[in-house]
Every structure is written in structure tokens, then in C-alpha cells.
Amino acid sequence: MLTAKQKELLLFIHSRIKEDGVSPSFDEMKDALNLASKSGIHRLITALEERGFIRRLAHRARALEVLKLPDSATPAAPPRGRQAFRPSLVGAGREAGDRSLATLPVLGKIAAGVPIEAIQHEVSRVETPVDYADDENYYALQVEGESMIEAGIHDGDLIILKRTDTASTGEIVVALIDETEATLKRLRRKGESVALEAANPAFETRIFGPDRVRIQGRLVALIRRYD
């Protein structure tokens, strides 16, 4: 039987893995459980591991896997890297007369690491499923960098975004910082502040006041070419 804190932590880890595809950091666990230090989280993690509810994956940062939930022996966690969007993978070609693809404008490159210049004008077009064939509501960008690699977004991928100036916490967005820099990150709201969170432990989370960040799009799909 789990203690109340052990159960609370287990459910929090399970929820974050389902949402993000990666387990939360120890700082996030500490804050979620209102503990004063990370040592308490270490003890809870060890207890959950000993009871067979989680396991630590070797040689991987923030790598916890939920094996089961209370009163259940069913595996609880989705495969690592599963995200809220479904990637649309474009192969080497398509059959003649196939009308399942249309085109979207590619508006340049977006950094998934250090922010770069804000999004510019159309530089090319890319074939995309007809679900997104609407220049007014969708656009594409090419990813540069590896800060979102644990969210399944690689350097060189083309991402499709829905134009919007709002997004929910946990969604991956293009954010414009100080009206000059654009970056691809996961959005987190911390009180009045806005956090732009990488999906790679080598990159830091950046926190801004709400007046410094403007959402320019929400990730809905990605396109990966295999040459």
C-alpha cells in the first residue's frame, strides 16, 4: 500500500509522462508536492521503485517509467516520446493523381535551441495533408536545433502550426519574445509568468513576464523526410 505522498507523486509522474512524453524534473515534483527539498522526492522515488510502481532508465536524463498504478498491474505509461500531435511523415514521393496532399507556405526556420530572428516571409512551400491546406490558418517552419528532441522533434524537421495567439499550458508553441526573437518550446504558465520549456535536459527553461511573450502558433503536426 502506498502512502498519500507516494500515490500523489506517482499520479503526477504518470500525468506528466502522458502529457509530455517525458517525466517531470525533481524540481517540478518538489513544487507539485509542496515539499521543502528534493531529498524528500528522492525518498519517495526510491520507495515507489522498491514497490515496483516505477523504474529508472539507465543513462537517460529525467528517465522514469511508470509500470503500474495503484490497484492495477497494467502498464501505465505510454511509449516514451508519444506526443499530443500525430506526425505526418512524407516519403520519397506519391502516386500520380493522389489528391490527399496539398501545400502550405514554409515561413523560414525556427530555432528549437537558442532563439533566432522572428518568423519572416514565405520562402517555399511544402506538401501537407489536406487537413492543413489552409494558408490563413496553418503554416510550416523548418526546425533548427535539438532542444525539443525528447518531444520527437529533430533538427531539420518541418513542423505544421495552427495560427493562434493563445495556447494551453503544456502545448508546444512558436513564441515571439520581445517582438524580436522566435523560438519553439513547450509553454508553461507559472502564476503571472510564462515559462518556455525545452524537451532536452541540456537546455534551460526560460521564464518571462507575460508582456514579453506572444504566441504565434501551436504545433499540430510534423513532416519528416527520409532521403
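Look up a bit, the structure's there.
Described below are features of the structure shown in this document. (Residues numbered from 1 in each chain as written. Predicted model: local features only at pLDDT ≥ 70, side-chain atom pairs only at ≥ 80, totals over all residues. Heavy atoms only, no water.)

Let's shift gears to the pattern of salt bridges. What the rule picks out here adds up to 12 salt bridges. The closest approach of N and O atoms between K5 and E8, which form a salt bridge, is 3.6 Å. In this pair, K5 and E8 are both assigned in helix α1 (residues 4-20), 3 residues apart and thus about one turn of the helix distant. Overall, the relative accessible area of 34% leaves K5 in the partly exposed class. Linking R212 and D178 is a salt bridge whose minimum nitrogen-to-oxygen distance equals 2.7 Å. Placement of the pair is R212 in the loop between β11 (206-208) and β12 (213-223) and D178 in the loop between β8 (172-177) and β9 (181-190), with a sequence separation of 34 residues. Since its relative accessible area comes to 35%, D178 is described here as partly exposed. (Salt bridge = Lys/Arg side-chain N within 4 Å of Asp/Glu carboxyl O. Helix = DSSP H or I, 4+ residues; strand = E, 2+ residues; numbered from the N terminus. Buried < 20%, exposed > 50% of the residue type's maximum accessible area, 1.4 Å probe, protein only.)

What follows deals with the nonpolar core. With 18 residues, the main nonpolar core has I110, L141, I153, I159, V174 and L184 as its most contacted residues. At the level of secondary structure, the elements contributing two or more residues to this core comprise β3 (101-111), β6 (138-144), β7 (158-162), β8, β9 and β12. L2, I13, L44 and I45 belong to the second-largest nonpolar core, a separate cluster that totals 15 residues. (Core = buried A, V, L, I, M, F, W, Y, C linked by side-chain atoms within 4.5 Å.)

Further remarks concern the environment of Q6. Tracing the sequence through the fold places Q6 in helix α1. Here Q6 falls in the buried class, since its relative accessible area comes to 7%. For the pair Q6 and L44, spaced 38 residues apart in the sequence, the C-alpha separation amounts to 5.8 Å. With residues up to four places along the chain from it excluded, the contact list for Q6 reads M1, L44, A47, L48 and R51. At 3.0 Å, the side chain of Q6 forms a polar contact with the backbone nitrogen of T3. (Contact = heavy atoms within 4.5 Å. Polar contact = N/O pair within 3.5 Å; in protein donor to acceptor, adjacent residues only side chain to side chain.)

Turning our eyes to something else, we now look at unusual backbone geometry. Look at N34: it is not a glycine, yet its phi comes out positive at around 55°. Tracing the sequence through the fold places N34 in the loop between α2 (26-32) and α3 (38-50). Despite not being glycine, E179 shows a phi value in the positive range, around 65°. Mapping E179 onto the fold places it in the loop between β8 and β9.

Another aspect to go through is α3. If you check α3, its first and last C-alpha atoms are 18 Å apart, about what 13 residues at 1.5 Å a residue would give, namely 18 Å. For α3, the full list of buried residues reads G40, I41, L44, I45, A47 and L48. Buried residues of α3, seen end-on, are gathered within an arc of 160° and therefore sit on one face of the element. Away from its buried face, by an angle of more than 90 degrees, α3 presents the exposed residues R43 and E50. In the stretch just after α3, G52 is the one whose phi turns positive, near 80°. (Expected span 1.5 Å × (residues − 1). Arc of directions from axis to C-beta.)

Extensive coverage of strand β10 (residues 193-197) is indicated by the burial of 4 of its 5 residues. With 5 bridges joining them, β9 and β10 adopt antiparallel strand pairing. When the bridges of β10 are listed, K190 appears paired with S193. Two successive antiparallel strands, β9 and β10, enclose a turn made up of 2 residues, where G191 displays a positive phi of approximately 65°. (Pairing = 2+ DSSP bridges.)

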